[in-house]
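# Descriptive structure summary
Each chain, letter by letter, is given below.
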Amino acid sequence: MQADEAAAEAPPICLIVLGMAGSGKTTLVKKLSSFNYDKLKPYVINLDPACKEVPYPASIDIRDTVNYKEVMKQYKLGPNGGIVTSLNLFCTKFGKVIELIEKAGKAGHKICVLDTPGQIEVFTWSASGTIITEALATAFPTIVVYVMDVVRSTNPTTFMSNMLYACSILYKARLPFIVAMNKIDIEDHNFALEWMTDFEAFQEALEKEQTYVGNLTRTMSLTLDEFYKDLKACGVSAKMGIGYDRFYELVAEGAKEYEEDYKKEYDKLRIQKEEEKKKSEKLQEIASAKGSGVEVPLVPFVSEVNSGRELADVYLKHPGNESSEDEEGDEERPVAFGDDELEDQNFNDFMQKRKETQIDKANKSQS
Ligand SMILES: Nc1nc2c(ncn2[C@@H]2O[C@H](COP(=O)(O)OP(=O)(O)OP(=O)(O)O)[C@@H](O)[C@H]2O)c(=O)[nH]1
Ligand SMILES: [Mg+2]
């Protein structure tokens, strides 16, 4: 195979674009859909069922498969429940989406960008979000792009909330992670980069915060110091198209990191899932294979006993009485049988009753 052909068939790098409502995800996806098109041929997917219109040419749009308003009506749900359920319904067909992305890769698409719903938790903390992320990451080099609104993060507490959210996604997704600090046409992002690298600079900014939240943020910042090392961050303006060269440098680094550090884990997961699938297919095959094999009749319950005894006369033996050498045979015996005289008496009573029943039966059969 020629080197060019191999490169053309390399799987596309998937970018899952996440972020708080209004942070600029859709605007970023729009810009990425046209940036360096000749070389990258971005393949774009919209996973937001509730958006009114998609401002980019989406190759796959969740709204073509699921009608969000209809879902709300049918399942009697509010807007957020409607989004979660729509995503759940869509993710049952995600195998097909993976096939389409694979085909797109073979057709020369180097990047696949996925726009997600505004309510970030709908994707990050839902079963469907996990299924979609894992399905992508087991098939393609996948990177999480976390869009952060720099204008809304100038306050150290808001910055910390954003970072905590990013941190929780990073550890949940276990994938390379890029923080795209957006809207730098309005606010320069260097203050945020400084807060991430210089702990004292962040503490200084916090000095002005005398609230309880300020104390909490101070404590949190100590913990998050470790997490910043795993982050790649850059400033962009989704609207004005600034910062994309650096952004793509980080994407290339992320793809390399995926191959070196994360792929092994997802390969394991893929093999495990394939085995589970094979097992369930085999079980289904067995369950549906009617008529093969010989049916074995079930043994009926015992309804009679030999030697003229009634079924009611049969009683179960205490397992501990099985053998005197048996350890369990040392168990304390039931009180009623503890006394020899009492046991003799019980036995005689039993025999007497039995005799009377038999005489009774004999009389009845003669008359
Ligand atoms: N100035 C400026 N505004 C931006 C930028 N990116 C996005 N916006 C604006 O921010 C607002 C929200 O942008 P969207 O792209 O819809 O954000 P979103 O994260 O997709 O929003 P939801 O899907 O509703 O959560 C819009 O008014 C955009 O025009 C940017 O880089 N600079
Ligand atoms: Mg959006």
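Computed from a prediction, not measured in an experiment: that's the story for all the values here. (Residues numbered from 1 in each chain as written. Chains lettered and ligands numbered in written order. Predicted model: local features only at pLDDT ≥ 70, side-chain atom pairs only at ≥ 80, totals over all residues.)

### As for the overall build of the protein chain
A count of helices and strands for the protein chain gives 14 helices and seven strands. Out of the 367 residues belonging to the protein chain, those deemed buried represent 31%. Of all intrachain contacts in the protein chain linking residues separated by at least 6 positions in sequence, the fraction that spans at least 24 positions is 74%. (Helix = DSSP H or I, 4+ residues; strand = E, 2+ residues; numbered from the N terminus. Buried ≥ 20, exposed ≤ 12 C-beta atoms within 10 Å, placed from the backbone. Contact = placed C-beta atoms within 7 Å.)

### Quick look at the sheet that holds strand S6 (residues 177–182)
With parallel pairing, the seven strands of this open sheet are ordered in space as S3-S2-S4-S1-S5-S6-S7. In the strand order of this sheet, the two ends are held by strand S3 (60–61) and strand S7 (232–235), each with one partner. Relative to strand S4 (residues 111–115), strand S1 (residues 13–19) runs parallel, the two being bridged by five bridges. Residue pairing across strands places valine 17 opposite aspartate 115, the latter belonging to S4. Taken strand by strand, helix H2 (residues 25–34) contacts S1, strand S2 (43–46), S4, strand S5 (142–149) and S6, and its axis lies near 160° from that of S4. (Pairing = 2+ DSSP bridges. Axes fitted to C-alpha atoms, helices over the stretch in contact; angles between N-to-C directions.)

### Topic: the pairing of S2
Across a regular strand the side chains alternate sides, sitting on one face of the sheet and then on the other. Here S2 shows no split at all, with Tyr43 and Ile45 on one side and Val44 and Asn46 on the other all buried. In this sheet, S4 lies alongside S2 in parallel orientation, the contact comprising four bridges. Its bridge partner being in S4, tyrosine 43 is matched across the sheet by cysteine 112. In the sheet, S2 pairs with S3 via two bridges, with the strands oriented parallel. Each residue of the ladder has a partner; that of asparagine 46, found in S3, is aspartate 61.

### Here we look at unusual backbone geometry
Even without being glycine, arginine 174 reaches a positive phi, approximately 50°. The residue arginine 174 is located in the loop between helix H9 (156–173) and S6 in this model. Take arginine 174: there are 15 C-beta atoms within 10 Å of it, and that puts it in the partly exposed class. Backbone geometry places lysine 183, a non-glycine residue, at a positive phi of 75°. Of the residues examined, lysine 183 has 23 C-beta atoms within 10 Å and is grouped as buried.

### Regarding the UniProt feature "coiled-coil region" (unreviewed entry) in the protein chain
With numbering aligned to this structure, UniProt lists the feature "coiled-coil region" (unreviewed entry) at residues 255–286. Between the C-alpha atoms that bound residues 255–286 the distance is 42 Å, and the span itself is 100% helix and 0% strand. (UniProt positions renumbered as here; feature names shortened; annotations may be inferred.)

### Details of the site of ligand 1
Close contacts around ligand 1 come from 17 residues, with Gly24, Thr26, Thr27, Gly118 and Lys239 the closest. It is H2 that contributes the most residues to the shell around ligand 1, three residues altogether. The residue inventory of the shell around ligand 1, partitioned by class, reads three nonpolar, nine polar and five charged. (Near = placed C-beta within 6 Å. Nonpolar A, V, L, I, M, F, W, Y, C, P; charged D, E, K, R; others polar.)

### Regarding helix H13 (residues 244–288)
End to end, H13 covers just 55 Å across 45 residues, shorter than the expected 66 Å (1.5 Å per residue, more than 12% under). At tyrosine 262, H13 shows its strongest bend, of approximately 60°. Contact partners of the buried residues in H13: S1, helix H8 (127–139), S5, S6 and S7. (Expected span 1.5 Å × (residues − 1). Bend = angle between axes of the 7 residues up to and from the residue.)

### Here's the deal with the nonpolar core
Soluble globular proteins tend to pack their nonpolar side chains together in the buried interior. Within the largest apolar cluster, 72 residues are counted, with the highest numbers of intra-cluster contacts made by Leu15, Val17, Val144, Val145, Tyr146, Ala180 and Met181. The biggest single contributor to this core is H9, with seven residues. When near neighbours in sequence (up to four residues on either side) are disregarded, methionine 181 contacts Met148, Val150, His189, Ala192, Ala233, Cys234, Gly235 and Val236. (Core = buried A, V, L, I, M, F, W, Y, C linked by C-beta atoms within 7 Å.)

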